[in-house]
Amino acid sequence: MRLVFLHGPPAAGKLTVAREIAALTGFPVFHNHLVVDAVAAVFPFGAEPFVRLRERFWLEVLGEAAAAGQSLIFTFAPEPTVTPGFPERALAAVATAGGHVDFVRLTLPDAEQERRLVDPGRAAFGKLRSLDLLRRIRADMAACEAAMPASALTIDTGAVSQGEAARLVVSTLGLPTAPPVA
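Residues numbered from 1 in each chain as written. Predicted model: local features only at pLDDT ≥ 70, side-chain atom pairs only at ≥ 80, totals over all residues. Heavy atoms only, no water.

### Concerning the nonpolar core
Note the cut-off: Only buried residues count toward a nonpolar core, which is a set of Ala, Val, Leu, Ile, Met, Phe, Trp, Tyr and Cys residues joined through side-chain atoms within 4.5 Å. Classification of residues uses two cut-offs on accessible area relative to the type maximum, computed with a 1.4 Å probe and protein chains only: under 20% is buried, over 50% is exposed, and between them is partly exposed. Each helix corresponds to a stretch of at least 4 residues labelled H or I by DSSP, and each strand to a stretch of at least 2 residues labelled E; elements are numbered beginning at the N terminus. The contact criterion used throughout is that any non-hydrogen atoms of two residues lie within 4.5 Å.
Counting residues in hydrophobic clusters, the biggest one holds 25 residues, and the most contacted among them are L3, F5, W58, F74 and F86. Elements that contribute at least two residues to this core include exactly strand 1 (2-7), helix 2 (32-40), helix 3 (48-68), strand 3 (72-76), helix 4 (86-96) and strand 4 (100-107). Per-element tally for this core: the top contributor is helix 3, with 8 residues. Setting aside residues up to four positions removed in sequence, F74 forms contacts with L3, V4, F5, L6, F30, N32, W58, L62 and F86. Of all hydrophobic cores here, the second largest spans 21 residues; its members include I73, L106, I155 and V169.

See below:
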């Protein structure tokens, strides 16, 4: 089992790159906002029950996928409401079941992040869209990103297309490719 753990700041293109990797490999995408949005429907973002349940769901899915031998791609934005050490707990959940985690960091320049942040497509999930809030929390998010485990690969999505980023991930990590769907 391979877990491609894509992480980076808001608007770095994590979901888009994940979908491109999925098209190349056949791995399913476990987008972090699937859980964020479900839990936020009941508890306010950042509240103790929200933080606890979000992490529990993330870890359960990752651990069960590893136990089933189901490779997948997980998108993650390191930010202050995530309990410190979550990436290591995710790594342990996958490794305990015999899986392997590849951390891949996506980056982009601040100006490009701000341009992308207001894209209407970001409203499909409860993604950050406020430039004011981004500017207030950018330093805290950068500190959370700096605490991430070492990445096998770092890609500036402001410099390459999402398709090119996906191809770099697949080739660098040596991921198996799926036959094209007819």
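### Overview of the pattern of salt bridges
Inclusion rule: Any carboxyl oxygen of Asp or Glu that lies within 4 Å of a side-chain nitrogen of Lys or Arg is treated as forming a salt bridge with it.
The tally for this structure, following the rule as stated, stands at 6 salt bridges. As a salt-bridge pair, R89 and E55 come within 2.6 Å of each other at their nearest N and O atoms. With R89 in helix 4 and E55 in helix 3, this residue pair connects regions lying 34 residues apart in the sequence. Under the relative-accessibility criterion, R89 is labelled partly exposed at 31%.

### Quick notes on the environment of L106
Looking at the element boundaries, L106 is found in strand 4. Residue L106 is classed as buried on the basis of its relative accessible area, which comes to 0%. The spacing of L106 and A11 is 95 residues in sequence and 9.7 Å in space, taken between C-alpha atoms. In this structure L106 touches L6, H7, G8, P9, A12, G13, K14, V17, I155 and T157, once residues within four positions along its chain are discounted.

Everything listed here is a matter of coordinates, which is why it stays silent on function.
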